[in-house]
Amino acid sequence: MNVVETDRLVLRRLSIDDDEFILELLNEPSFLRFIGDKGVRTLDDARDYILKGPVDSYERFGFGLYLTLLKASGVPIGICGLLKRESLKDVDVGFAFLPQFWSRGYAFESASAVMAYGKSALALNRIVAVTNPDNHGSIRVLEKLGLSFEKMVRLSEDGPEIKLFAPMVLESL
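All of the points below concern the structure found in this document. (Residues numbered from 1 in each chain as written. Predicted model: local features only at pLDDT ≥ 70, side-chain atom pairs only at ≥ 80, totals over all residues. Heavy atoms only, no water.)

### Some thoughts on the packing of helix H1 (residues 19-26) against helix H3 (residues 43-61)
1) Next: In contact at an axis separation of 8 Å, H1 and H3 are set at 95 degrees when each is read in the N-to-C sense. Judged by the inter-axis angle, H1 sits roughly perpendicular to H3. Packed against H1, whose contacting residues are Asp19, Glu20, Ile22, Leu23 and Leu26, the element H3 presents Leu43, Ala46, Arg47, Tyr49 and Ile50 at the interface.
2) Next: Partitioned by chemical class, the residues of the contact of H1 with H3 number 7 nonpolar, no polar and 3 charged. (Axes fitted to C-alpha atoms, helices over the stretch in contact; angles between N-to-C directions. Helix = DSSP H or I, 4+ residues; strand = E, 2+ residues; numbered from the N terminus. Parallel < 35°, antiparallel > 145°, perpendicular 65-115°, else oblique. Contact = heavy atoms within 4.5 Å. Nonpolar A, V, L, I, M, F, W, Y, C, P; charged D, E, K, R; others polar.)

### Considering the pattern of salt bridges
1) Next: For the structure shown, the criterion picks out 12 salt bridges.
2) Next: Residue Arg41 is joined to Asp37 by a salt bridge in which the shortest nitrogen-to-oxygen separation is 2.5 Å.
3) Next: Asp37 gets classed as partly exposed once you look at its relative accessible area, which sits at 48%.
4) Next: Through salt bridges with shared partners, a single network forms among Asp19, Asp44 and Arg47. (Salt bridge = Lys/Arg side-chain N within 4 Å of Asp/Glu carboxyl O. Buried < 20%, exposed > 50% of the residue type's maximum accessible area, 1.4 Å probe, protein only.)

### Looking at the nonpolar core
1) Next: Residues Leu14, Ile22, Leu25, Leu82, Val93 and Phe95 are the most contacted members of the largest nonpolar core, which totals 49 residues.
2) Next: Contact partners of Val93, with chain neighbours within four places excluded, come to Gly81, Leu82, Ala111, Val114, Met115, Ile127, Val128 and Ala129.
3) Next: Counting 7 residues, the second-largest nonpolar core is a separate cluster that includes Leu88, Val153, Ile162 and Leu164. (Core = buried A, V, L, I, M, F, W, Y, C linked by side-chain atoms within 4.5 Å.)

In short, geometric facts, not functional conclusions.
See below:
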């Protein structure tokens, strides 16, 4: 089911048929370094991750992470979507792409489309983002999306401190 389309991309709900791609993406060294080890080592693990993560999120919240494909070829290049984490008050936008598709504007294009979808179709007022402090590529994308550093947070008690980015609030005079 397609959720969002841009000039170059199609974002659709993940299904267990996307297990091979998810296995590849979640074991990329950059994913492991900047996002974390999700313990996905086999196709069964990948299907389990899809069902317990994105598919569960679609059912509970009406949104989640979406498979991001090149519109022209249908080749999957990453994931992008909205997440509702217990540890954050707001919904956050998240994305991860295979390294061969970095620096082509796909993260910005998909994340801006997902944020617009969140605001128009889901009536979300405030969408934030979190990232590893040394993930400079993602930080540049978040700033281009109009988000700015707000504070350091932890997604779990024993988790590392990460940066929370939020929409800039213009103070009234």
